[in-house]
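Chain by chain, the residues run as shown.
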Amino acid sequence: MSLDQDFDNEEEEGEGKEMSFLSHLEELRWHVIRAGASILVFAIIAFIYIQEIYHYVIVAPSRPEFWTYRMLCKLSEITGYEDLCVKSLNFKLQLIGMGDAFTMSMTSSVIAGLVFAFPYAFWEIWRFIKPGLKPSERKSARGAVFYVTFLFFSGVLFGYYVVSPLAINFLANYTLDPSIINEFSLASYISLVATLTLACGVAFQLPIVVYVLSKIGVLTPSFMREYRKHSMIVILIVAAIITPSPDIYSQVLVAIPLFLLYELSIMVSAKVEREKLAEEKRLAKLGGTTTED
């Protein structure tokens, strides 16, 4: 949020300047270059510490002592549902190709760079978009970088600590025959964790999407309240897809935050509607005063 405020003056100075199409493209190019450079810098840092990142972050959900599994065991003691406790993960990770270790290090570094550079990269793109907004729109969008970043990292943490472990647990313990040993490639494991984690980071942007759609009049709080029951069904289906485990507790753990996001989105849409009504009343009052004068 402070990033927005620090550069407000700089952006306001350039608001009145008209730019050609090529000038806009040139400015966009430099914003994209700086955003890409930030991702590269964080990717290089991640590559330097790649062994620590693999041990403490990437491969951690593949071990029974991972935080999420310990919490599930405690939850199983409270509920009395013993199947909820994860005591072992029946699989091994392996690298087959000669250069797979280096390739996966590069891939993981880029993913880590993308995640950690997200606030700055988004801020660079926002700097390009913001001068084109109207003063009222800029006022309404104040703090956009902070809220988008907060929701993104909230989703990433949810995906990493909740969705990924539940999916890994189910897939690791799913066997076709007791004689068959589950040995997964590191590439498939990272693909699963990265996809679920980043997907949750994007899914948690729902309040932002609702805010924008409410601003342009596509969504209203009454519409969202009317279809709340339908949304619950959709959320339960999404939770069932994200967590392939038939365990109802796992699906509930995923569904609850999604329900809360939907309710938060309704509140966001209602706030936008109140602001619109207040603005309409203010303009009507000004119009009435002008007419009387």
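Looking at an unreviewed UniProt entry, one finds the chain named Sec-independent protein translocase protein TatC and attributed to Dyadobacter jiangsuensis. Of the comments in the UniProt record for the chain, the one headed Subunit (unreviewed entry) reads "Forms a complex with TatA."

Let's shift gears to the packing of helix α3 (residues 21-48) against helix α6 (residues 100-116). Relative orientation of the contacting elements α3 and α6 amounts to 130°, with a least axis distance of 7 Å. The pairing of α3 with α6 is recorded here as oblique in orientation. Crossing geometry of α3 relative to α6 is assigned as right-handed. In this structure, α3 uses Ile-39, Phe-42, Ala-43, Ala-46 and Phe-47 to contact α6, whose residues at the interface are Phe-102, Ser-105, Met-106, Ser-109, Val-110, Ala-112, Gly-113, Leu-114 and Phe-116. Residues belonging to the contact of α3 with α6 are distributed by class as follows: 11 nonpolar, three polar and no charged.

A separate point is the layout of surface pockets. Looking at the largest pocket, its volume works out to about 1100 Å³. Taken together, 31 residues make up the lining of the largest pocket; nearest its centre are Ser-140, Ala-141, Tyr-211, Lys-215 and Glu-275. Elements with a contribution of two residues or more to the lining of the largest pocket: α7 (118-129), α8 (135-140), α9 (144-172), α11 (206-215) and α14 (248-292). For the lining of the largest pocket, the residue count by class is 19 nonpolar, three polar and nine charged. Counted as a void, the second largest pocket has a volume near 580 Å³. For the second largest pocket, the lining is made up of 21 residues, of which Val-57, Ala-112, Val-115, Phe-116 and Tyr-160 are closest to its centre. Looking at the lining of the second largest pocket, the elements that each hand over two or more residues are α3, α4 (50-58), α6, α9 and α10 (186-203).

Working definition of a disulfide: a covalent bond connecting the sulfur atoms of two cysteines. The full count for this structure, using the stated rule, is one disulfide. Two residues share a disulfide in this structure: Cys-73 and Cys-85, whose sulfurs sit 2.0 Å from each other. Given an S-S torsion of about 75°, the disulfide between Cys-73 and Cys-85 has right-handed geometry. With Cys-73 in helix α5 (residues 67-79) and Cys-85 in the loop between α5 and β1 (92-94), this pair connects stretches of sequence that are 12 residues apart. Note on accessibility: Cys-73 and Cys-85 belong to one class, buried.

Counting through the fold element by element, Thr-197 comes out in helix α10. Within polar-contact distance, the side chain of Thr-197 engages the backbone oxygen of Val-193 at 2.7 Å.

Our next topic: α4. Residues that lie three or four places apart on an α-helix share one face, since the helix turns once every 3.6 residues. Listed in full, the buried residues belonging to α4 are Ile-50, Ile-53, Tyr-54 and Ile-58. The arc enclosing the buried residues of α4, seen along the axis, measures out at 100°, which places them on a common side. Pointing more than 90 degrees away from the buried face of α4 are the exposed residues Gln-51 and Tyr-56. For α4, the secondary structure elements touched by its buried residues are α3, α6, α9 and α10.

Definitions and limits used
Residues numbered from 1 in each chain as written. Predicted model: local features only at pLDDT ≥ 70, side-chain atom pairs only at ≥ 80, totals over all residues. Heavy atoms only, no water. UniProt positions renumbered as here; feature names shortened; annotations may be inferred. Axes fitted to C-alpha atoms, helices over the stretch in contact; angles between N-to-C directions. Helix = DSSP H or I, 4+ residues; strand = E, 2+ residues; numbered from the N terminus. Parallel < 35°, antiparallel > 145°, perpendicular 65-115°, else oblique. Left-handed = near helix turned anticlockwise from the far one by under 90°. Contact = heavy atoms within 4.5 Å. Nonpolar A, V, L, I, M, F, W, Y, C, P; charged D, E, K, R; others polar. 1 Å grid on protein atoms, 1.4 Å probe; cavity = no way out; pocket = protein on both sides within 12 Å on 5 of 7 lines; lining within 4 Å. Points joined across faces, edges and corners; volume = space filled by probe spheres on them. Disulfide = S-S within 2.5 Å. Buried < 20%, exposed > 50% of the residue type's maximum accessible area, 1.4 Å probe, protein only. Polar contact = N/O pair within 3.5 Å; in protein donor to acceptor, adjacent residues only side chain to side chain. Arc of directions from axis to C-beta.

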